[in-house]
Amino acid sequence: MNASTAQRLRIMSPAFAVEHLPHDGLPEDDWLVLVRAPEGLTVVREASGVDAAEQWIGFYGGATAHGLDIPGMLSALVKPLAEAAIPVFVASTFHADLVLVPAPRKQQAIAVLEEAGHQVESQDGEAGERSRHDTRAGR
């Protein structure tokens, strides 16, 4: 990764659920992301009532917003996560990307993203949890 693709990521709160709705209607409750495809709707919403193992944590790069013509911004986030075998679900906005990782992999994802040169902050702007205590084995 080069300095032009390094991003300041904010951990979104609360955790999210990613769901598939096979019907044509719209969800009636609050949702963050809604994508319609031929097989139905994909909905990202607050994970209230969802088992912790099925929750997703969001990393949002809005602090380092970029134009649509800037190459490599999403791959700078997804590539190191893929190399660490961390699954992702991605939603992009006009200015930035929202990368979701399974909640049980949160600490590992923070470590991987920071090692790749990104800055990770909590919702309140504090540095990522890894900077307070390293959760990787042997470190």
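A brief structural summary. (Residues numbered from 1 in each chain as written. Predicted model: local features only at pLDDT ≥ 70, side-chain atom pairs only at ≥ 80, totals over all residues. Heavy atoms only, no water.)

This paragraph deals with the environment of Arg45. Among the structural elements, Arg45 can be located in strand 4 (residues 40-46). Considering only alpha carbons, one finds Arg45 and Leu34, 11 residues apart in sequence, at a separation of 8.9 Å. Dropping the residues within four chain positions of it, Arg45 is found in contact with Ala15, Phe16, Ala17, Glu19, Leu21, Pro27, Asp29, Asp30, Trp31 and Leu32. A polar atom in the side chain of Arg45 sits 2.7 Å from the side chain of Glu19. (Helix = DSSP H or I, 4+ residues; strand = E, 2+ residues; numbered from the N terminus. Contact = heavy atoms within 4.5 Å. Polar contact = N/O pair within 3.5 Å; in protein donor to acceptor, adjacent residues only side chain to side chain.)

Moving on, we come to the nonpolar core. Formed by 18 residues in total, the largest nonpolar core has its most connected members in Phe59, Leu81, Val101, Leu113 and Val120. Within the residue set of this core, elements represented by two or more residues are strand 1 (8-11), strand 5 (56-60), helix 1 (73-83), strand 7 (97-102) and helix 2 (106-115). Looking at which element gives the most residues to this core, the answer is helix 2, with four residues. Residues Met12, Phe16, Ala91 and Leu98 belong to the second largest nonpolar core, which totals 10 residues. (Core = buried A, V, L, I, M, F, W, Y, C linked by side-chain atoms within 4.5 Å. Buried < 20%, exposed > 50% of the residue type's maximum accessible area, 1.4 Å probe, protein only.)

Here we come to the environment of Val90. Mapped onto the elements of the fold, Val90 is located in strand 6 (residues 89-92). The exposure class assigned to Val90 is partly exposed, which follows from its relative accessible area of 29%. Linking Val90 and Gly58, residues 32 residues apart in sequence, is a C-alpha distance of 9.2 Å. Dropping the residues within four chain positions of it, Val90 is found in contact with Leu74, Val78, Leu98 and Val99.

Two numbers describe how helix 1 lies on helix 2: the axes approach to 9 Å, and their chain directions differ by 120°. Considering their axes alone, helix 1 and helix 2 lie oblique with respect to each other. Considering how the two elements wind past one another, helix 1 and helix 2 form a crossing that is right-handed. Facing Leu77, Pro80 and Leu81 of helix 1, the residues of helix 2 in contact are Ala109, Val112 and Leu113. (Axes fitted to C-alpha atoms, helices over the stretch in contact; angles between N-to-C directions. Parallel < 35°, antiparallel > 145°, perpendicular 65-115°, else oblique. Left-handed = near helix turned anticlockwise from the far one by under 90°.)

Covered by surrounding structure in strand 1 are Leu9 and Ile11 only, the residues Arg8 and Arg10 on the alternate face being uncovered. Summarising the sheet, strand 1 and strand 8 (residues 119-121) pair through three bridges and their orientation is parallel. When the bridges of strand 8 are listed, Leu9 appears paired with Val120. As paired elements, strand 1 and strand 5 share two bridges and run antiparallel to each other. Of the residues in strand 5, the one forming a bridge with Ile11 is Phe59. (Pairing = 2+ DSSP bridges.)

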